[in-house]
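Examination of the molecular architecture
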Protein chains: 2
Amino acid sequence: MPTIIFEPTGRRVEVEAGANLLELCRQHGVPIESLCGGNGACGKCAVQVIDGDVPITNEQRVHFSDEQLAGGWRLACQTRVEHDVRVTVPVPASALAGRIMTSGEAPAVELKPAVRKHLVKLDPATPNDPTSDADRIRLRIPDGARLRFRPSALRKLPEALQLGKDAVTATVWKDTILDVEAGDTFLGNYGIAFDVGTSTVAALLVDLNTGHELGVAAGLNPQRRYGEDVISRIAYCREHADGAERLARVIAGLLSDLAAQVTVGRDLRHVGEYVAVGNTTMAHLVAGVDPSSLGELPYAPVFTAPQTMLDGPKGARLGHKPLEIPDALGGFVGSDVLTAAVALGLHTKPGKRLFLDIGTNAEIVAGGRDRMLAASAAAGPAFEGAKIECGMIGSAGAIDSCRVENDDLVFGVIGNVAPAGLCGSGLVDTVATLLDLGVINDSGRLLPPDECPKTVPAKVRDRLHEADGMTRITLAGDVYLSQRDIRELQNAKAAIAAGVEILLRHLGIAPDDLDEVLIAGAFGSTLDPLSAQRIGVIPRVALNKVRALGNTALQGAKAYLLSTDFRQEVSAVADHIDLRDLSAEPDFMDRFAAHMPFGAIAR
Amino acid sequence: MPTIIFEPTGRRVEVEAGANLLELCRQHGVPIESLCGGNGACGKCAVQVIDGDVPITNEQRVHFSDEQLAGGWRLACQTRVEHDVRVTVPVPASALAGRIMTSGEAPAVELKPAVRKHLVKLDPATPNDPTSDADRIRLRIPDGARLRFRPSALRKLPEALQLGKDAVTATVWKDTILDVEAGDTFLGNYGIAFDVGTSTVAALLVDLNTGHELGVAAGLNPQRRYGEDVISRIAYCREHADGAERLARVIAGLLSDLAAQVTVGRDLRHVGEYVAVGNTTMAHLVAGVDPSSLGELPYAPVFTAPQTMLDGPKGARLGHKPLEIPDALGGFVGSDVLTAAVALGLHTKPGKRLFLDIGTNAEIVAGGRDRMLAASAAAGPAFEGAKIECGMIGSAGAIDSCRVENDDLVFGVIGNVAPAGLCGSGLVDTVATLLDLGVINDSGRLLPPDECPKTVPAKVRDRLHEADGMTRITLAGDVYLSQRDIRELQNAKAAIAAGVEILLRHLGIAPDDLDEVLIAGAFGSTLDPLSAQRIGVIPRVALNKVRALGNTALQGAKAYLLSTDFRQEVSAVADHIDLRDLSAEPDFMDRFAAHMPFGAIAR
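Keep in mind it's a predicted model, so treat the numbers as computed, not measured.

Looking only at helices and strands, one finds 17 helices and 29 strands in chain A. In terms of C-alpha radius of gyration, chain A reaches 26 Å, essentially the compact-globule figure of 25 Å for 603 residues. When its C-alpha atoms are laid out on the principal axes, chain A stretches across 95 × 65 × 45 Å. Evaluated residue by residue, chain A yields a buried proportion of 54% over its 603 residues. In chain A, once contacts between residues fewer than 6 apart in sequence are set aside, the share between residues at least 24 apart is 69%.

What follows deals with the sheet that holds strand β2 (residues 11–14) of chain B. All names here are of chain B. One open sheet accounts for five strands, arranged β2-β1-β7-β4-β5; its pairing is mixed. Edge positions in the open sheet fall to β2 and β5 (73–75), since each of these has one partner strand only. Each strand axis lies, on average, 35° off the axis of its neighbour in the sheet, ignoring direction. Bridge analysis of strand β4 (residues 46–51) against strand β7 (residues 85–88) gives three bridges, and the strand direction is antiparallel. When the sheet's bridge partners are listed, D51 is paired in β7 with R86.

Let us look at the relation of the copies chain A and chain B. With an RMSD of 0.2 Å, chain A superimposes on chain B once it is rotated by 179° and translated 0.1 Å along the axis. Expressed as an axis order, the relation between the two copies is that of a two-fold axis. Every residue of chain A has its C-alpha some distance from the rotation axis, and the shortest such distance is that of L310 of chain A, at 4.9 Å. Here 100% of the interface residues in chain A have copies in chain B that are interface residues too; the copies meet face to matching face.

Attention now goes to the interface of chain A and chain B. Opposite the 39 residues of chain A that make contact, chain B presents 39 residues. At the level of elements, α5 (133–140), α6 (151–163) and β16 (307–309) of chain A are the ones that each hand at least two residues to the side of chain A that touches chain B. With five residues, the single largest contributor to the side of chain A that touches chain B is α6 of chain A. Per-class residue counts for the side of chain A that touches chain B are 23 nonpolar, ten polar and six charged.

Residue and element names in this part refer to chain B. Taken together, the three strands give an open sheet; going across it, the order is β22-β21-β23, and neighbouring strands pair in mixed fashion. In the strand order of this sheet, the two ends are held by β22 (408–413) and β23 (421–422), each with one partner. Against the sheet, helix α11 (residues 424–437) makes contact with β21 (398–405), β22 and β23, and its axis sits at roughly 20° relative to β21, the strand it touches most.

Before going further, it helps to examine helix α15 (residues 552–562) of chain A. With eleven of eleven residues buried, α15 of chain A is to be regarded as a mostly interior element. The complete set of buried residues in α15 of chain A reads T552, A553, L554, Q555, G556, A557, K558, A559, Y560, L561 and L562 of chain A.

Turning to the environment of A217 of chain A, a few remarks are in order. Assignment of secondary structure puts A217 of chain A in strand β14 (residues 213–220). For the pair A217 of chain A and G278 of chain A, spaced 61 residues apart in the sequence, the C-alpha separation amounts to 16 Å.

Residue and element names in this part refer to chain A. Segmenting chain A into domains produces domain 1 (3–89), domain 2 (91–187), domain 3 (191–325), domain 4 (345–381 + 490–594) and domain 5 (384–487). Each partner contributes to the interface: domain 4 provides 17 residues, whereas domain 5 provides 22 residues. Those elements giving two or more residues to the side of domain 4 that touches domain 5 turn out to be α13 (483–507) and α14 (529–535). Among the elements that make up the side of domain 4 that touches domain 5, the one with the highest residue count is α14 (four residues). Among the residues making up the side of domain 4 that touches domain 5, the classes are represented as six nonpolar, nine polar and two charged.

Across the chain, the bulk of peptide bonds are trans and the bulk of non-glycine residues have phi less than zero. Residues and elements named next belong to chain A. The step from L297 to P298 runs through a cis peptide bond, and the omega angle for that step is 0°. When you line up the elements, P298 lands in the loop between α9 (280–286) and β16. Here Y299, not a glycine, exhibits a phi torsion of approximately 60°, which is positive. With respect to the helices, strands and loops of the structure, Y299 is situated in the loop between α9 and β16.

With that settled, the discussion passes to the environment of L435 of chain A. Residue and element names in this part refer to chain A. For L435, the position within the fold is in helix α11 (residues 424–437). A count of 20 C-beta atoms within 10 Å places L435 in the buried class. As a C-alpha pair, L435 and E585 span 150 residues in sequence and 31 Å in three-dimensional space.

Next up on the list: α11 of chain A. Residues and elements named next belong to chain A. Under the 1.5 Å per step criterion, the end-to-end length of α11 is 20 Å for 14 residues, consistent within 8% with the ideal 20 Å. Burial analysis of α11 places twelve of its 14 residues in the buried class, which makes it a mostly covered element. Of all the residues in α11, the buried ones are G424, S425, G426, L427, V428, D429, T430, V431, A432, T433, L434 and L435. Positive backbone phi, approximately 90°, marks G438, located one or two places after α11.

So, about the packing of helix α7 (residues 230–239) of chain A against helix α8 (residues 243–262) of chain A. Residue and element names in this part refer to chain A. One way to put it is that α7 packs onto α8 with a least axis distance of 7 Å and a crossing angle of 130°. In terms of orientation, α7 lies oblique with respect to α8. Here R233, Y236, C237 and E239 of α7 lie close against α8, whose contacting residues are G243, A244 and L247. Of the residues in the contact of α7 with α8, the class split is four nonpolar, one polar and two charged.

Moving on: the nonpolar core. Counting 379 residues, the largest nonpolar core has I519 of chain A together with I519 of chain B as the members making the most contacts within it. Ignoring anything within four residues of it in the chain, the contact list for I519 of chain A reads L356, I358, L527, A532, I538, V546, A548 and L549 of chain A.

This part takes up the confidence of the model for chain A. Residues and elements named next belong to chain A. Taken residue by residue, chain A gives an average pLDDT of 89. The fraction at 70 or more is 95%. Within chain A, helix α4 (residues 93–96) has the poorest average pLDDT of any element, 50, and strand β17 (residues 323–325) the best, 98. Here residues 96–104 is modelled with pLDDT under 50, and outside its nearest four sequence neighbours on either side it reaches 21 contacts, counting other chains as well. Confidence metrics for the complex model read pTM 0.78 and ipTM 0.73.

Attention now moves to the environment of G331 of chain A. Locating G331 of chain A in the fold gives a position in the loop between β17 and α10 (335–343). Placed 177 residues apart in sequence, G331 of chain A and G508 of chain A show a C-alpha to C-alpha distance of 25 Å.

We now examine the packing of helix α10 (residues 335–343) of chain B against helix α15 (residues 552–562) of chain B. All names here are of chain B. Two numbers describe how α10 lies on α15: the axes approach to 8 Å, and their chain directions differ by 75°. It follows that α10 is roughly perpendicular to α15 by the angle criterion. Taking contact as the criterion, the partners of D336, T339, A340, V342 and A343 in α10 are, on α15, T552, A553, Q555, G556, A557, A559 and Y560. Per-class residue counts for the contact of α10 with α15 are seven nonpolar, four polar and one charged.

How each quantity is defined
Residues numbered from 1 in each chain as written. Chains lettered and ligands numbered in written order. Predicted model: local features only at pLDDT ≥ 70, side-chain atom pairs only at ≥ 80, totals over all residues. Helix = DSSP H or I, 4+ residues; strand = E, 2+ residues; numbered from the N terminus. Rg over C-alpha atoms; globule rule 2.2 N^0.38 Å. Buried ≥ 20, exposed ≤ 12 C-beta atoms within 10 Å, placed from the backbone. Contact = placed C-beta atoms within 7 Å. Pairing = 2+ DSSP bridges. Axes fitted to C-alpha atoms, helices over the stretch in contact; angles between N-to-C directions. Least-squares fit on C-alpha atoms with pLDDT ≥ 70 in both. Nonpolar A, V, L, I, M, F, W, Y, C, P; charged D, E, K, R; others polar. Domains from an automatic or database assignment. Expected span 1.5 Å × (residues − 1). Parallel < 35°, antiparallel > 145°, perpendicular 65-115°, else oblique. Core = buried A, V, L, I, M, F, W, Y, C linked by C-beta atoms within 7 Å. pLDDT = per-residue confidence, 0-100.

Put into structure tokens, the structure is as follows:
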């Protein structure tokens, strides 16, 4: 029987030879889109075969270019699995919805993209008029005198004019004519926003004519094999002469793959610009810059100013279009946090706010119009499900919530499939539930069955058992939570809570003075605010002041993509925010220790 | 006995095995530089071995990098020829002097290059200061806030700071930091000006800190194997799908070779910018743009506005530095003529001028401050020595002048070597001399010995003989001038003279009203003004008004390299000059026919 491995989860199943791949996905709970009922019409069920052979039929040719077919792209509904295969099934927008800030939270930026398309119809040239074709096009574009052709666009111009019978569509980016295409391609004007996280990378396709979101794709950061967190990847760069180059290459590869995924059924050549936000180490590696200096005193980044890579990152397959990296605040607070803070209007809205972006590190921004502080807390990756024994990223199969029902624990699972692990929000929810039940005590100890309070239901008590001399609790199937996992979470939440306490103290803000607490992060689905307060990662303000936003970085990158005014605002806010180094705060370790128990309350 | 082929002339000689290459060059009249007497000290006698094997000795390693050695570079004085070899011997500046506008003619531009170097010494970074290394460098450069790092410079920054112990030299080009180097490299700041002619290409190395000329190199345009003139090369592009790409590749290769030649002994990485001028077809091909539209009605160029190629032409080995192509006037009057006209001050000086640039085509610019006209005359390549039976370009071995001495013809030969052919200026001088003697009559007929006037000296008469039913005259050795050659020259000069006549008429200028007649061109050495008048290619104004300038294009390109103000001036003058199409002039053919005889005088 052939074996299928589904990426990005790595799930492996044995199947009947000749089975239909779309049906197999549904049968095994792998989220996949399809609108036409599997008759090859809609093209939504595109998957990428990474290993194994799937023949190219005529049905496949309808939807894919030769290049895409050679790259393994197939319609799942038209594919029969005869041999072992490994396929990437793009995560559908619907399954990712929880991870993306909803449209209600999206910033209201005025549509003013850096990329505009112009359809130009030239009159036939007349002899005696020495005006070049390039100039005749520039003159037909509003304010076109300032424009310059990029050499590659100029090279395409003669053929485009010929094929288009004197009608061409020019793609203008800032002061440059980036591209010319034969005929009218005005409607194909896309941008892609990347959120380059340490663990996961997401891509959002945006229509630059309308501002509409057209699709998302996400994947695991393949740099993980060089180290789980930024510190270990910086160490890798310091220890290997070609380390930074290697890490840059793999991230360029993933960005290219995600761009191909998110544009399937559209033309990648119609993507006019890319924006990549991320922590400062990721931004360095996207730019191909060695981040080693971030690993030693004085921890100075090589750059924080916005960067433009005219042809995209080295080795990337992004159609040689510009990629922009927005401003970072410093070595440990990057463009992901800054653009999100600006998109959320922290610097313009009245009132005082706390914004937490919890990823592999946690970044904190606090304050308001008058004064804003930011810091990074070395929380570790527990909130992303990493370093947790059954941890996983928040994709299909991850437990992302927990509640008590009929005297037992009941779990929510992303994609409504069999549970495969525990993501960050599931971890927080489960620990909060167990704290409420008394199965975990305030010091963080997971109690053995005989020490549990009498009030703990038998079904929950029965889940507890000992392994390796420590207590564990079985959640579902093979998925469990261990004492060690709880200690990881305590470390993480104490670092964040101590950082929050110190920043608010510098600003002279008491937790109750906060008008809003905003939590963002790629922890699976949105964090439950009550659970977050229960474990003590955020201050105990009135619950209606807490908003869990999911992945704000992607929305920040989207705003950057949509508006050149927003870009200027980001640079201005970068100068306005005062970055603090928590490790230089004399009482940080003391406050960190104080926040370790679950009963702790900020002073 | 081993055979040596000397490039670019293609001269072939047999030599003793083991002979010293520097001595062989001198022995066979191949111009070569050497200052140290051949002991390997000065590095001036660098040659490039193209075919054949010359072992790499330790003496060679002193002067060349591994890459240069792999590319065939050797010191001639340290090389013994044991086997067959083909070598390029860079033409020394002294041998090219006649072809380069002398310094007295060089435009007085204020030194204001686009490339500046800045030595920056950073204070050690302090913890708690989140300022990035890139920003700390920008802040140390005057007006540095506007600067942006090019991604490749950013990538080099960490290592440069480490190697340079916090001292780096930044190369600033316009608003971009192009490069950073460890330590102080302020003095290495070069630019290269290219004159890309249809037949020959020249490169001039300029010190951008001082404006001084540091060296020249020249080579034959390898596109010649795809057609002698621009028309046949455009036809090649029209007939072959990859024609333009192929022609672009070979010119990119030659520019790279010339840049390597002209920087031997220096560091190519210290070249911060390139400027390439040329006719519009050559400019298209340097930019990699298909010039096919120049070959059919309405003969519109793809571009005439200035172009910047940030990484240099595709496939070129120019260190990924920017190459600028200045404005062209139109499809048949290019940046070579325009920049030269501006460098000569035609648009600023009082008075009325005629400027002729005679290459494979001839371009004419006439007028003054108030009004200027330009046109191109399809003269053909006779003035460059092409389509002449014993014709050659103006390099070593070319007859470049002719006079009567002791009742016989006496010839000047470039490089004072045995004559190998006839270049453009030699052709004009020889025909003028034979016209004065009466050996050629006014209709252009080369008379057989028995029809010559009695006054023709016997020694000259004895040179005349019949071949293929037509008369020929032997000049020196195997080099002769044929009746067909004279007809080619008549065609060429008639086209130019008709064009000049028509432009002057449009301007309402009589030849005698001209304050100056300026002649430029790569016709060997400078054209003798009297001979030029004698054959009727220029109007018969007072001789003191005629100036022969040699290659003005290279000086125009140099001015462009040295001054960003000059660049703006060039664009402004491009708008000021009115380009005329001679083929659309109703009486062009009539005037062309009228100028065919040598006795013709402009009406």
